[in-house]
Structures are given as C-alpha cells and as structure tokens.
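# Overview (structure and organization)
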Amino acid sequence: MACIVVTMGALVLIVSLALLSCNKTDTPVVHADTTDASPNDINILCIGNSYTWDAMVYVPYILKDILPDRHVTIGLLYTGGENLQAHYRKHMLFNTSYSYFHINNDGGKWEKQSSSDLQSAISVKRWNMVTLQQSSKMTTEPSYYEDVPSAIGWVKDNIDSKIATAWLLTPAYPVGGYRITHPEQYGINKSPVTSDEMFEMIAECVKSEVADRVDFIMPVGTAVQNARHSTLSTMGRGGSLTNDGVHLQEGIPRLIAAYAVCQSIIDHLNLNVSIDNSQFVPTDEFVKEHITTAMQTGLAVGLTDNNVSIARQCALAANSTPYQITVSSE
C-alpha cells in the first residue's frame, strides 16, 4: 500500500494555497429582513468616494421635501479617492471595509455606521437603487471602465436582480485649478486640456462605456459644468464652485449636484414632481445640525432665491442633455 507523507510545513503550504484560492463571492450573502418594506420606499445604496458624498449629502432632504409621504433611506459607502477597480476587485470580491458608511433615514441626521463593509451594508435595508462612480483620475479614458460590467453583475447577483443601477457622472476638474493645469499627473493623457474638454472626455466615456449597462445616469458633472458657464461660476473658496479646488462647497455648489441627482431619480421613477417643488435650503445651521458626523466642506455660499433658481436650471438642463454642456444666459 502506498502511503502519503505530508510534513507540517507542507501541510501549512497546502492549507495556505487553498485559502488563497477561495473567492469571497462564495461567502453566503446576508440580506436584510424586508418583510415590512414598501414598494414605494426609496432606498439608495451609494458606492463611491468623496465625489459621491458631495453629490448625495443634500439629496435626502430634497426628496423628503418633494415626496413627504415616501420613506427615503440613503446609505453611502466610500473611501477617499477610491476607483471602480477597487470597488469591484477589493470590496465586492473580498468584502474589504470602506473608510465610511453613512446613512440617512427620512431626512434626519447623517449617521456613521459601526460597520462599513458591503455585506453589512446589504443587510441594513432592502435597497432598490444602487449608484456607482469612477474616481476623478480614471474618468477620461475608455479603458478605465473595464470593470463596469463585472461590478453591475455583482450588484445584481448579490443585492437584488431587480435593483435599479445608476451611474454618477462626476464633475471635471475646475477651471484654473492645479489638477487641470497638470493633467498628466491626474490620469488625463491629453495636453493641453481645459475643464470643458475634460468634461467632454468624461461624458463621452460614460456614454460609450456605461450608459447601456445601467438603468439611468445621474448627471452631476454636467450640472456642475453648466453652472460654471453661469453667474454661479465664481462661488466657492477654492474657485469654480469648489471649497479646495476639487470638492464642491456647501450651499449652492452642492445643491446643484443634489438637484441633478434628485431629478434623475424622479425621472427614473416617472413621478409627477420636479426639483422646482423643493423649498429646502442648506443653511450653515442646518449643515451643522444634520451633517456633523460626516465631511463638511466650507460655509454655505450663494443661497439667494435667484441663485437657487439658476442651480435648478443647470440641473434640469443636465438631465435633459446629460452628455452636453448647456450655457446659461444668467
């Protein structure tokens, strides 16, 4: 009879190789108890980075203002600067934790959750929408979007096959900022480049590589670029609607982004309302009270009636033509 001899060192090696060969997608998925979930609930799980936070932070307040009879929950998983490749290959396949998981229920305070991995997030709510984005350094070349089909497939397989998927079209770098004047350091293989040219590159990639794979587009970057062609363009401590040359400032800049998100959701759900119905205004006092556990970006700027009207026009135009800049006359 032949005998098999395995030394302790070899056994450890065999076990280690076996563990390395395991894929986290084989781990049973834990879903939430959804027996009391209403089909009218709007439950959005956002997977992104600080750009998604900029875009989503005011969204629950606008939606609850417009749709007071609906329950709205928004969960946001993010790590600063994270790209889609990491979202899929690190967090989806291996359930690596994000830096943050913030959640907002029915327009209350944003709360930080103790667990920040995808499996924990999936178990919190019966999510009926999920948003994805690409990092700003990886938006301008088609090759940067190669993981989109896999990420969308993972969402359908592991959250809900009927879940609505949305892509957050992120803003271009602002006019005159360091990142736009040094494009080669920020993933843009074309020089010279302007803010508008960068936006056009992003929009073309989203149109060709993403649009047919998701249920709808959230044209945040389009709305922001529209506003950069309006009287709102000078707002923000960092110029061009930003607080720091990259992130949108509190007040009108973030309101523009939120309007674009909310209108895209309204259009997707075929609701007979509009962002024009919202009376929400994000004052410094409101931000301090409701967004204290998350990232705040500067003081709220530009909150005049006229500026709010222009912000809405920029967002509505973006949803009408999400891949094209609309130049405002105001």
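The structure displayed is predicted, hence computed values, not measured ones.

### Remarks on the environment of A211
Within the fold, A211 resides in the loop between α8 (195-209) and β7 (216-218). Along the chain, A211 and W167 lie 44 residues apart, while their C-alpha atoms are 7.9 Å from each other. If sequence neighbours within four positions are ignored, A211 has contacts with V206, I217 and Y323.

### Remarks on unusual backbone geometry
The phi torsion at N95 lies on the positive side, around 55°, for a residue other than glycine. Inspection of the secondary structure assignment puts N95 in the loop between α4 (84-94) and β3 (100-105). Overall, N95 belongs to the partly exposed group, its relative accessible area being 24%. If you check the backbone angles, S240 has positive phi at about 55° while not being a glycine. Examined against the element boundaries, S240 turns out to sit in the loop between α9 (220-227) and α10 (252-269).

### Concerning the side chain of H87
Residue position: H87 is located in helix α4. A polar contact is formed between the side chain of H87 and the side chain of Y98, at a distance of 2.9 Å. Excluding anything up to four places from it in sequence, H87 contacts I47, G48, E82, M92, Y98 and Q133.

### Focus on the packing of aromatic side chains
Applying the stated rule across the entire model yields 8 aromatic pairs. Relative to Y78, the ring of W53 has its centre 6.1 Å away and its plane inclined at 15°; by these criteria the two rings are stacked. In this pair, W53 is assigned in helix α2 (residues 50-56) and Y78 in strand β2 (residues 72-78), connecting sequence segments 25 residues apart. For W53, a relative accessible area of 0% gives the class buried. Ring centres of W53 and W110 lie 4.9 Å apart, and the angle between their planes is 70°; this geometry places the pair in the edge-to-face category. Residue W53 is located in helix α2, and its partner W110 is located in the loop between β3 and β4 (111-112); the two are separated by 57 residues in the primary sequence. You'll find W53 and W110 in the same group, each marked buried. Joined through ring pairs, the aromatic side chains of W53, Y78, Y100 and W110 make up one cluster.

Cut-off values and rules
- Residues numbered from 1 in each chain as written.
- Predicted model: local features only at pLDDT ≥ 70, side-chain atom pairs only at ≥ 80, totals over all residues.
- Heavy atoms only, no water.
- Helix = DSSP H or I, 4+ residues; strand = E, 2+ residues; numbered from the N terminus.
- Contact = heavy atoms within 4.5 Å.
- Buried < 20%, exposed > 50% of the residue type's maximum accessible area, 1.4 Å probe, protein only.
- Polar contact = N/O pair within 3.5 Å; in protein donor to acceptor, adjacent residues only side chain to side chain.
- Phe/Tyr/Trp six-rings, centres within 6.5 Å; stacked < 30°, edge-to-face > 60°.

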